[in-house]
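Topology and contacts: notes
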Amino acid sequence: MSKARVVYAVDMLHYLPLFMAERYLNGEFLFELADPRGDAQSFDMLMSTAGAVEDVRFCVCDPMMVNLAHSYSASAADWPVVIGQLICKVPFWAVNHRSEAFTEEAGFAAYNQLFSYPPPNTGYVLGALAFKRCPENKVLKFRPEKPIDADLPFYLSGDGSVVLEADILRIRKYQETTGHEIVFNYPANSEYSDFCFTALITQKKFLASSEGKRQADNLVKALQEALWTIYHDHGLALRCAIDHFQPQGFSPSTIDGALKQLKSDRVFPNSLYVTRKGWRKSVSVQQEVKPDFKGPSFGKFVANRVAHEQHVKCIRSEERRVGKECRSR
């Protein structure tokens, strides 16, 4: 039997739970970066009926950046379902030469150039929203043209430039080189603190099969263990992050600082369970930028059973561990 493939959108540190889960699964799944990378590409591989991608059973991406409703097949009575979330906040930060931070998006009005990722990426939506919230500013230009893989210095050559960036490793490396700071922290902003940003998606019929349920249980269990480890065993999580990202040119100290930033900002959830509030907030942000955006139905496209079961098992396992330690003292 061929291995199930798990395709993910981008190779960034906030995908660490996925890279850690791969270690726990002993080769049961094949994890691969979408080519070309991106939310739509990973999702299309999941939903495609082409033979080349027939073993793709799960994808990891932003569920608001793909058309869940459009993927419904009336003839097959099948559709995509979100079975968990890896990120529960918006993992973006604004970087500039200056160290003066601001806490509301109106602070972007102090700049003359706002760079973001191009559409159709979440970074574009955030940039467009920030630009919209500075209506009185006649100087600020919105420039959604920074490629996802591009480094920061080129776009911060002017004192009046500010960049929205999701790659915390690139940000940390830039900070270490220049001494400059993050000026706006999206995860710390209450508007973006309950948000279904990165989700694990499969197909409804596959999930209903015995093999689909088994694979979903195993994958979600491994992801739940990874989330627990990130917050309770920094050393182990850091080693996994270093193994994955040091070959890409990031030093252990840079990776350590970036991971601590993600943990401090509580970017990772305690559970993969998708909240209705976070789902609705993710829809509303899209609709503010794109009024014709039809938000996918939470009731139809979210299946929380596996995430709930694995979270309960994780809690009970930890309770037994703590109880055993207490009895041995």
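Below is a short write-up of the structure. If you're wondering where the values come from, they're calculated on a predicted model, not measured in any experiment.

Conventions used here
Here, residues in each chain are numbered from 1, in the same order as that chain's written sequence. Local features in this predicted model are restricted to residues of pLDDT 70 or higher, and side-chain atom pairs are both shown and tallied only at a pLDDT of 80 or more, whereas totals for entire chains, interfaces and linings draw on every residue. The basis for every side-chain value is the complete set of heavy atoms in the structure, and neither hydrogens nor water enter the calculation. Only protein atoms enter the 1 Å grid used here. Points where a 1.4 Å probe fits but cannot escape make up a cavity, open sets with protein on both sides within 12 Å along at least five of seven lines make up a pocket, and a residue lines them when an atom lies within 4 Å of a point. Grid points are joined across faces, edges and corners, and a volume is the space filled by probe spheres set on the points. Residues were grouped as follows: Ala, Val, Leu, Ile, Met, Phe, Trp, Tyr, Cys and Pro as nonpolar; Asp, Glu, Lys and Arg as charged; and all remaining residues, including Gly, as polar. Strands here mean DSSP runs of E at least two residues long; helices mean DSSP runs of H or I at least four residues long; both are numbered from the N terminus. Only protein chains enter the calculation, and the probe is 1.4 Å; a residue is then buried if its accessible area is under 20% of its type maximum, exposed if over 50%, and partly exposed in between. Think of it this way: a Phe, Tyr or Trp ring, Trp meaning its six-membered ring, pairs with another when their centres are within 6.5 Å, and the plane angle makes it stacked under 30 degrees, edge-to-face over 60, tilted otherwise. Throughout this description, the term charge over a ring refers to an Arg CZ or Lys NZ atom that lies within 6 Å of the ring centre and within 35 degrees of the ring normal. It only takes one pair of heavy atoms within 4.5 Å for two residues to be counted as in contact. Paired strands, in this sense, are two strands between which DSSP finds at least two bridges. The handedness of a crossover follows from its direction of travel: if, with the strands pointing away from the viewer, the path from the first strand over the helix to the second runs clockwise, the crossover is right-handed. Here an axis means a line fitted to C-alpha atoms, over the contact stretch when the element is a helix, while the angle between two N-to-C directions is reported on a 0 to 180 degree scale.

So, on to empty space enclosed by the protein. In this approach the atoms are scanned with a rolling probe the size of a water molecule, which exposes any empty space left behind. All told, the structure shown has one cavity of 30 Å³ or more when counted by the stated rule. Looking at the largest cavity, its volume works out to about 160 Å³. Along the walls of the largest cavity sit 17 residues, with Val10, Asp39, Tyr117, Thr122 and Phe197 positioned nearest its centre. Residues of the lining of the largest cavity, tallied by class, amount to nine nonpolar, six polar and two charged.

Moving on to unusual backbone geometry. A cis amide bond links proline 119 with the next residue in sequence, proline 120, at an omega value of 10°. Tracing the sequence through the fold places proline 120 in the loop between β6 (113-115) and α3 (122-132). Positive phi is not limited to glycine here, since asparagine 26 has a value of about 50°. Its place among the elements puts asparagine 26 in the loop between α1 (16-24) and β2 (29-33). A relative accessible area of 74% means that asparagine 26 is categorised as exposed. Of note in the backbone geometry, arginine 266 takes a positive phi value of approximately 55° without being a glycine. Along the chain, arginine 266 falls in the loop between α8 (252-264) and α9 (276-289).

Enumeration over the complete set of coordinates arrives at 20 aromatic pairs. Note on tryptophan 279 and phenylalanine 298: the rings are 6.2 Å apart at their centroids and 75° apart in plane angle, and the pair reads as edge-to-face. Here tryptophan 279 is found in helix α9, whereas its partner phenylalanine 298 is found in helix α10 (residues 298-301), with 19 residues between them in sequence. Positioned above the aromatic ring of phenylalanine 250, the side-chain terminus of lysine 173 is 5.5 Å from the ring centre.

Below, the discussion takes up helix α4 (residues 168-178). Within α4, burial applies to Ile168, Leu169, Arg170, Ile171, Tyr174 and Gln175. Contacts from the buried residues of α4 go to β5 (93-95), β8 (161-165), β9 (182-185), α7 (234-245) and α8. Among the residues trailing α4, glycine 179 stands out with phi positive, at a value near 80°.

The subject of this paragraph is the pairing of strand β1 (residues 4-8). Within a regular beta strand, the side chains point alternately toward one face of the sheet and then the other, so they alternate between its two faces. Summarising burial for β1: five of the five residues are buried, a large majority. Judged by which residues are buried, β1 turns out to be covered on both faces: Ala4, Val6 and Tyr8 on one side and Arg5 and Val7 on the other are all buried. The sheet contact formed by β1 and β2 spans five bridges and is parallel. When the sheet's bridge partners are listed, tyrosine 8 is paired in β2 with leucine 33. What joins β1 to β2 is α1, and the crossover it makes is right-handed. Note that β1 and strand β3 (residues 56-61) share four bridges and pair parallel. What sits directly across from arginine 5, in β3, is valine 56.

Bringing the sheet that holds strand β10 (residues 198-203) into the picture now. By definition, the strands of a sheet pair up through backbone hydrogen bonds, in either a parallel or an antiparallel sense. Judged by pairing direction, the sheet is mixed, and its five strands sit side by side in the order β2-β1-β3-β10-β4 without closing on themselves. Strands at the two margins of the open sheet, each flanked by one partner only, are β2 and β4 (80-87). Looking at each pair of strands side by side, their axes are set apart by 25° on average, direction ignored. α1 contacts β1, β2, β3 and β4 of the sheet and is inclined by roughly 160° relative to β1.

The next subject is the sheet that holds β5. A sheet is described by the order of its strands in space; here five strands give the open sequence β7-β6-β8-β5-β9, paired in mixed fashion. The sheet is open, and its two borders are formed by β7 (141-143) and β9, each paired with just one other strand. In this sheet, neighbouring strand axes are inclined to one another by 20° on average, regardless of whether the strands run parallel or antiparallel. Across three bridges, β5 lies against β8 in antiparallel orientation.

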